[in-house]
Each structure stands twice: as C-alpha cells, then as structure tokens.
Amino acid sequence: MKKPLVLLFALLGLLGQAQESSLSETLADLKFRNVGPTRGGRVATVAGIETSPSEFYMGASGGGVWKTKDYGQSWRNVSDGFFATGSIGAIRVAKSDPDIVYVGTGSDGIRSNVIIGKGMYRTNDAGESWSFVGLKDAGQIGAVEIHPDNPEICFVAAIGNPFGPNVERGVFKTIDGGQSWKKVLFISDKTGACDLEIHPTNPAIIYASVWTVDRKPWTILSGSEEGGVYKSIDGGENWVKLGKGLPKGIIGKSDLAVCLADPDCLYVLMEAENGQNGLYFSDDLGDSFVLISDEKSLLDRPFYYCNVDVDPTNSDVIYVNTTGCHKSTDKGKNWKRLSTPHGDNHDMWIDPLLPARMMVA
C-alpha cells in the first residue's frame, strides 16, 4: 500500500508544480494599480518653481514630499527611501538654481497627532535623490529660507521638540549647503522659531517669529513672554526683538509676509493674550507696527494654522490661510473667503512673476 501512496503524492506534486508554473505565467503580465482611497492626510507646505510653471512640490503632515510636473494633475512621491520621517514642515526651491531644494521635516501644525521631525534634507537634482543635511533633533521645522543668490546659504526656523525642552531649536544658518549649521538665534530650550522671511532686495535683513509651544497629552500650551518677532540686519549674526506697536505680554504663534514690490513692508499675523490677536503691518522694516485687522477668523486655532501671505506685486492684497482661505484687497479692511476644496488651509505659494499662479495647501 505504501508504493501507490508515494506515487500518488509524486503525481500530485508534479501537478502542483505545473499549476504553479502556469499560474506564474498567467500573472506575469498583471500589475498592481491603486484602487483608492484617492484622498490622504493634510498637506502642510507647498512650493513652486518660478522658471517652470507646471512644477510644484508639496509636503504632507505624514506622507512625505510629492512632486508634480503637470500643474497638479498627477503627483509622484520623491522622498520615500530617503527620509527618516514622513512629516514635512517646510519646502523651499533655490531661486538661483531650481534643481536645489531644501526640506525641513516636522510639521508646524502642533495638534493632537504630531509626527516628530528628523532634520533637514537637500536635493541637487530636482528631487530625484536626497541627502540628509543635519539638525536631526530640531523637532518641528516651521520655515526654510534660501539666500536668493547663493543656494549654499540657508536659514531654518526650528520650533524644537513639541513634547519637551531641548536646545536644538531657534534659527539656524548654513553657509556650506548643510554640511554644518550655526545656531544664530536662540531664546531658550522651550522657545523655538516658527517662521522666517528674507528681505526681497537686501538678503542681509531677516525676520524671525519665535514661539513657545508644549504639546501635552491633554492640551496644547501656546505662548509665553519670550515669544514675538526678531530682526537681523547682518545676515543673522545679531538680532533685536521688534516691539513698537506689537502686542505685549504672552505672545503665541506668529507668521510673517513681505512684499516683493514693496520690500520695506512687513505683515505679522500674531496670536496674543488679552484681545491683542490680529494682523499687524509695518511700512518701515519693522521699526513700528499698526493693527490693521482683528478679524477673528484669521486666527482660528493658531497653533494648527497661522499663515499669512501677500501678493508680490501689490502689498494691499493679503491672504490668510486657516479654517478657510481668506483674501483682502484693501490692506485688511475687508475680507472674503475663497473657495478651496477643504476647510483646513495651511500654506500658500504665489508665483512672484505671475501672481495669478498660486498653490494652496
């Protein structure tokens, strides 16, 4: 009885091999395709390319960096396999060489679900490959700004670890493309920097927003008396805190905008205590400010949003992204809500050559 059983198993084995071979041949031409869902998590930051109107980058709060070459009709992930985290805080394309792009990880939307940042990355080939360039412990990175004429000079606004004190926070500067970094503005181990702007015609002038934030399991602590806006007139070597006309006391998150056509203008959207929330404006390089709008919708959940942009050709035209995308054409006197596909609006990039071409995150 054993021989027939052995023969039977042998025949079954041969039949199985034949079926497996046939199945492999049948499946050889099949390819996986995405069947959904077609909608993912929120987009934290966007950046365009002045010299290539169809190309944009976007950074997700947990899904990495993506790139489109066809005006957003299709997107391709370019960070997988290179980045240590999928949380993206800021993207900037070098004006002098658009193949060079810097990315700061760690979204600045400090809400209940926070993915920690893992430092800075750089590409020299328009996103085909990336290199880690330091600041591994900077936590959430709120802004990256590149010198307009020299892509080796870059500034980073590091919020820091959102869950506790750390010293790797504040404003950092590199002059060698990220091989080394110098901490040029440090307030304390609890207060980091969340935004940066470089003067459009004088890159020695830099503005920085600083913010104290602590993400607890049960709440978010936003603001301290250390918060506010700082200015450097020597490329980040020295800084002074701006105060004339700005809120006093506990200052929360703030965001900055400068206008290419009117470069001495500076907008500050600021969270502050005692009803001082609002949009502030300076026409003298930050020496003095006036409150131009206390519209409540502009600072809805500032720890999560807080984003202001200005039209590069007209300093009267302002955009604020929050729960809704808001636009003013009269320097903040009146606002209208623009139609965007979702209530959460976190960032905006406006083409300085053609302001009608913009992208909203």
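For the structure itself, look to the data block above.
Residues numbered from 1 in each chain as written. Predicted model: local features only at pLDDT ≥ 70, side-chain atom pairs only at ≥ 80, totals over all residues. Heavy atoms only, no water.

Some points on the packing of aromatic side chains
Phase 1: Inspection of the entire model under this criterion finds six aromatic pairs.
Phase 2: Measuring from centroid to centroid gives 6.0 Å for Phe56 and Trp349, while their planes differ by 85 degrees, and the two rings are edge-to-face. Here Phe56, found in strand S2 (residues 56-60), pairs with Trp349, found in strand S26 (residues 348-350); they are 293 residues apart in sequence, far enough to count as distant.
Phase 3: By relative accessible area, which is 3% here, Phe56 ends up buried.
Phase 4: Here Trp349 falls in the buried class, since its relative accessible area comes to 12%.
Phase 5: Look at Phe83 and Trp130: their rings are 5.3 Å apart centre to centre, the planes differ by 90 degrees, and that puts the pair in the edge-to-face class. Residue Phe83 is found in the loop between strand S4 (76-77) and strand S5 (88-93), and its partner Trp130 is found in the loop between strand S7 (120-123) and strand S8 (131-132); the two are separated by 47 residues along the sequence. The same class applies to Phe83 as to Trp130, namely buried.
Phase 6: What links up through ring pairs into an aromatic cluster is the set Phe83, Tyr121, Trp130 and Phe132.
Phase 7: Here Arg111 stacks its cationic end above the ring of Tyr304, 5.1 Å away from the centre of that ring.
Phase 8: Here the basic side chain of Lys183 rests over the ring of Phe186, its NZ or CZ set 4.2 Å away from the ring centre. (Phe/Tyr/Trp six-rings, centres within 6.5 Å; stacked < 30°, edge-to-face > 60°. Helix = DSSP H or I, 4+ residues; strand = E, 2+ residues; numbered from the N terminus. Buried < 20%, exposed > 50% of the residue type's maximum accessible area, 1.4 Å probe, protein only. Lys NZ or Arg CZ within 6 Å of the ring centre and 35° of its normal.)

Here we look at the sheet that holds S4
Phase 1: Overall, antiparallel pairing links the four strands, which are arranged S1-S2-S3-S4 in an open sheet. Each of the sheet's edge strands pairs with one partner strand only, and the pair in question is strand S1 (43-48) and S4. (Pairing = 2+ DSSP bridges.)

Comments concerning the pattern of salt bridges
Phase 1: In the structure shown here, the tally under the stated rule is 11 salt bridges.
Phase 2: Note that Lys253 is salt-bridged to Asp108, the shortest N-O span being 3.7 Å. With a gap of 145 residues between them, Lys253 in strand S18 (residues 251-258) and Asp108 in the loop between strand S6 (101-105) and S7 connect regions that are remote in the sequence. For the pair formed by Lys253 and Asp108, the shared burial category is buried. (Salt bridge = Lys/Arg side-chain N within 4 Å of Asp/Glu carboxyl O.)

Focus: the pairing of strand S3 (residues 65-68)
Phase 1: Bridge count between S2 and S3: four bridges; the pairing is antiparallel. Paired with Tyr57 across the bridge in S3 is Lys67.
Phase 2: Between S2 and S3, which pair antiparallel and follow one another directly, the connecting turn spans four residues, one of which, Gly64, has a positive phi of 85 degrees.
Phase 3: Summarising the sheet, S3 and S4 pair through two bridges and their orientation is antiparallel. In the strand pairing of S4, Trp66 is matched with Asn77.

Topic: the side chain of Glu55
Phase 1: Looking at where Glu55 falls in the secondary structure, it is placed in the loop between S1 and S2.
Phase 2: A distance of 2.8 Å separates the side chain of Glu55 from the side chain of Ser52, its partner in a polar contact.
Phase 3: Here the side chain of Glu55 touches Lys67 through a polar contact of 3.1 Å, side chain to side chain. (Polar contact = N/O pair within 3.5 Å; in protein donor to acceptor, adjacent residues only side chain to side chain.)

A word on the layout of surface pockets
Phase 1: There is about 1,200 Å³ of room inside the largest pocket.
Phase 2: What lines the largest pocket is a set of 50 residues, among which Arg92, Glu145, Glu197, Trp349 and Ile350 lie closest to the centre.
Phase 3: Those elements that place two or more of their residues in the lining of the largest pocket are S1, S5, strand S9 (140-146), strand S13 (191-198), S18, strand S22 (307-310) and S26.
Phase 4: Here the lining of the largest pocket is built from residues that sort into 31 nonpolar, nine polar and 10 charged. (1 Å grid on protein atoms, 1.4 Å probe; cavity = no way out; pocket = protein on both sides within 12 Å on 5 of 7 lines; lining within 4 Å. Points joined across faces, edges and corners; volume = space filled by probe spheres on them. Nonpolar A, V, L, I, M, F, W, Y, C, P; charged D, E, K, R; others polar.)

Observations concerning the sheet that holds strand S19 (residues 266-272)
Hydrogen bonding along the main chain pairs the strands of a sheet, whether they run parallel or antiparallel.
Phase 1: Here four strands make up an open sheet; going across it, the order is S18-S19-S20-S21 and the pairing antiparallel. Edge positions in the open sheet fall to S18 and strand S21 (290-293), since each of these has one partner strand only. The mean angle between the axes of side-by-side strands here comes to 30 degrees, regardless of whether they run parallel or antiparallel.
Phase 2: Judged from the three bridges that link them, strand S20 (residues 278-282) and S21 form a sheet pairing that is antiparallel. Within S21, the residue paired with Phe281 across the bridge is Val290. (Axes fitted to C-alpha atoms, helices over the stretch in contact; angles between N-to-C directions.)

Fair warning: the whole summary comes from geometry, so function is off the table for now.
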